[in-house]
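Topology and contacts: notes
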Amino acid sequence: MKTTNFAFDSIESLQRHNFKKYDPKTTLIQVFSGFIKEDEIEQIKNILNEKGLKFIGTTTAGEIYEGKSIEKSIVVSISEFEKSSVKYVYFEGSEEEIGKNLSLEFTPNSKLCILFINGLELKGENVLINIKKDNVLITGGAAGDYGNIERTFIFNENKIIKKGLIAAIIDSNDLHIINDYELNWEPFGKLMEVTKAKDNVLYEIDGINAKEIYRKYLGPNVADALPYSATEFPLIKIDGEDYICRTVANVNEDGSLGLIGNLYDGDKVKFAVGNLEMIISKTDEDIKNAVKFDPQAIFIYSCAARKSFLGEQVSFELKPFADMAPTCGFFTYGEILDKKENSYILNNTLTFIALSEDYQPLKTKTYTEKKAIKNMLKDKCMFIIDAMIHLSNEYIKELETTNQKLLQAAITDPLTGAYNRRYFYEISQKFISFAQREFLDEYLIMLDIDNFKKINDTYGHDIGDEVIKHLVNTVKSSIRSSDVLARFGGEEFVIFLNNISRENALKIAEKIRKNIQNSSVEGVKYTISLGVAKVTGDIETTIKHADLALYEAKNSGKNRVVEYKD
Ligand code: GH3
Ligand code: MG
Ligand code: MG
């Protein structure tokens, strides 16, 4: 494939340019327009139509041309394929309709779909959720209007679309694609949970009103400067390895926040902070690691908020791409992250695809001028911010470790490390409810060391303690990880056996008894007695049953397993 990019600084210069003839079936043409008024788009569309070009077009919040961020221009990117075919489509209507309609256009050979959308008129993520895509990689973004947030347009040679999507679908067996994204805003502070959200409106985090949670943790200056301050301090949804950034488009009267993209109840989020140093140097490094073959073209769909945050430095992160291949793209109002099942709308992120129809391992590793980046980093503010983030993250880490330890201490017995009685009651109630819903059988074993007073009297209390610890270790190695062992009293223990048959419960009890009988600790041999009872709906009754069985085991000679019978 061969990609040629053109940039025109006026509609007249576009008019004057003579394009050669292209076969629309094998040519991908993207038009990124910094002229955003409807009548300007009308002219551009007509000019390109007269010149015989078939394309997908979008208005922007800035254009990307050969690794530079440029403004108020028209970028025309033309990729001629040798081993791939191109289909152009557009749809208007509801999120669900247009998502489904696009899916119907994919063939088993479809590899790539570049998609532009009117994000101000449609909930972009709801469109993406309705796309069934199998093996098609979705990329692209939402049209922009230079930060006016009034009207965006997507268009082709025949039509301006005000509410819908436009796409180019590329079918191929030979197209190699790298798709990746760079965020590098840094999450900090504690992990929080979304407790109330509906589509792209965020109402509550950790049970606190969305605007108020900004006030609580980041202070009144940041909260009162929303939505603008969300560029510096967006929310990041932590989804496994993926960081999905959410910026704020508007603040509602009730303090809820309108987002670009969705959040859902239960999502885990952190505040993040933009740090120029991190963003630019990390992006630079990541790009070099991500691009594994010599690309023949690179398309970048980067965020308008990223551009406004990075300012002139935005070109630092675009240049490494242009060193590798013809590079163009635009600044969007939401860029697309492709995931296996669905795609999502990102914010603040740079997404890119690198394409080649002819796989060649990467030879040309080029390096941006690190020096220039370094100078920028001398900025005092950056220095301070970096330290503050570090401090806050370390502090949170320490708190989390302490909390974890406290929690552990609250539920375990210090001598043996087994769970304590309180935790046993808490967890068994949960197990019982679960088992009732799923119709599973559960059993309880209650066990007690035989003649333990004598062990204490003969060998001393310390050896007595060793025996108790030995008992716990032996039981632990005889039960499954889903079973719960708890110290009920002095040398009396309970074992809650989940999802188990009567036969297996009795087998486990007998196995524990034998294992104890056959071992010794510091030369001391001991035995245990066990009572086994089926778990009824209520834990107190079950304990009574197991205790009766244990009592019978003691009375009938000890060192044995007795099952409770009605
Ligand atoms: P039985 O076979 O009937 O159970 O007789 P036993 O001697 O084991 O009687 P019992 O269960 O009533 O004895 C419990 C003893 O366990 C009494 C108490 O001093 C001792 N004990 C309780 N907790 C600990 C502990 O943490 N360490 C030690 N070494 N002994 C403990
Ligand atoms: Mg005892
Ligand atoms: Mg006892």
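Residues numbered from 1 in each chain as written. Chains lettered and ligands numbered in written order. Predicted model: local features only at pLDDT ≥ 70, side-chain atom pairs only at ≥ 80, totals over all residues. Heavy atoms only, no water.

A short note on the sheet that holds strand β23 (residues 327–332)
Spatially, β5-β4-β23-β22-β26-β13 is the arrangement adopted by the 6 strands of the open sheet, whose pairing is mixed. In this open sheet, the two edge strands, each paired with only one partner strand, are β5 (68–70) and β13 (176–182). Taking each pair of neighbouring strands and ignoring which way they run, the sheet shows an average axis angle of 20 degrees. Relative to β23, strand β22 (residues 297–303) is paired through 6 bridges, and the arrangement is parallel. From the neighbouring strand, I300 faces β23, where its bridge partner is G329. Its contacts with the sheet put helix α7 (residues 276–290) on β13 and β26 (350–356), and the angle it makes with β13 is roughly 160 degrees. The strands that helix α9 (residues 314–322) touches are β4 (63–65), β5, β22, β23 and β26; relative to β5, the one it contacts most, it runs at about 125 degrees. (Pairing = 2+ DSSP bridges. Helix = DSSP H or I, 4+ residues; strand = E, 2+ residues; numbered from the N terminus. Axes fitted to C-alpha atoms, helices over the stretch in contact; angles between N-to-C directions. Contact = heavy atoms within 4.5 Å.)

Considerations on the domain arrangement of the protein chain
As far as domains go, the protein chain holds domain 1 (2–182 + 277–356), domain 2 (186–273), domain 3 (372–411) and domain 4 (412–563). Taking only C-alpha atoms, the centre of domain 1 and the centre of domain 2 are 27 Å apart. With 18 residues of domain 1 at the contact, the number on the domain 2 side is 17 residues. Interface of domain 1 and domain 2: buried area, both sides summed, is about 1400 Å²; carbon and sulfur atoms make up 49% of it. Between domain 1 and domain 2 we count 3 salt bridges in total. Residue K339 pairs with D239 through a salt bridge whose shortest N-O separation is 3.5 Å. For the interface between domain 1 and domain 2, the tally reads 12 residue pairs in polar contact (both at pLDDT 80 or more). If you list the elements that add at least two residues to the side of domain 1 that touches domain 2, you get α4 (124–129), α8 (304–310) and β25 (343–346). (Domains from an automatic or database assignment. Buried area = accessible area lost by both parts, 1.4 Å probe. Salt bridge = Lys/Arg side-chain N within 4 Å of Asp/Glu carboxyl O. Polar contact = N/O pair within 3.5 Å; in protein donor to acceptor, adjacent residues only side chain to side chain.)

A closer look at the nonpolar core
Grouped together as the largest cluster of nonpolar side chains are 50 residues, with contacts concentrated most on L102, C113, L115 and L165. Sort the elements by how many residues they give to this core and α7 lands first, with 5 residues. When residues are assigned to domains, this core turns out to be shared by domain 1 (2–182 + 277–356) and domain 2 (186–273), each giving three or more. With residues up to four places along the chain from it excluded, the contact list for L115 reads L102, L128, I131, I138, T139, G140, G141, L165, I166, A167 and I336. The next biggest cluster of nonpolar side chains, apart from the first, holds 48 residues, and it includes I11, F19, I74 and L137. (Core = buried A, V, L, I, M, F, W, Y, C linked by side-chain atoms within 4.5 Å. Buried < 20%, exposed > 50% of the residue type's maximum accessible area, 1.4 Å probe, protein only.)

Considerations on the packing of aromatic side chains
What the rule picks out here adds up to 20 aromatic pairs. For the ring pair F116 and F330, a centre distance of 5.5 Å and an interplane angle of 85 degrees mean the geometry is edge-to-face. Of the two residues, F116 is situated in strand β8 (residues 110–117) and F330 in strand β23; the sequence distance between them amounts to 214 residues. A residue is classified by how much of its surface remains accessible, and F116, at 0% relative accessible area, is buried. Each residue in the set F32, F116, Y301 and F330 is aromatic and connected to the rest through ring pairs, giving one cluster. Its guanidinium or amino end placed over the ring of Y146, K72 lies 3.9 Å from that ring's centre, counting from NZ or CZ. Geometry around Y203 places K196 over its ring, the cationic atom sitting 4.9 Å from the centre. (Phe/Tyr/Trp six-rings, centres within 6.5 Å; stacked < 30°, edge-to-face > 60°. Lys NZ or Arg CZ within 6 Å of the ring centre and 35° of its normal.)

Overview of the site of ligand 1
Close to ligand 1 lie 16 residues, the nearest being D448, N451, F452, D465 and R487. Separating an oxygen atom of ligand 1 from a backbone N or O atom of I449 is a distance of 3.1 Å. A distance of 2.9 Å is found between an oxygen atom of ligand 1 and a side-chain nitrogen or oxygen belonging to K554. Within the complex, 69% of the 640 Å² of free accessible area of ligand 1 lies under protein. Those elements that provide at least two residues to the shell around ligand 1 are β27 (443–449), α13 (452–459) and α14 (461–476). Per-element tally for the shell around ligand 1: the top contributor is α14, with 4 residues. Taken together, the residues that form the shell around ligand 1 break down as 3 nonpolar, 5 polar and 8 charged. (Near = heavy atom within 4 Å. Areas by Shrake-Rupley, 256 points an atom, 1.4 Å probe, with all protein chains shown as cover. Nonpolar A, V, L, I, M, F, W, Y, C, P; charged D, E, K, R; others polar.)

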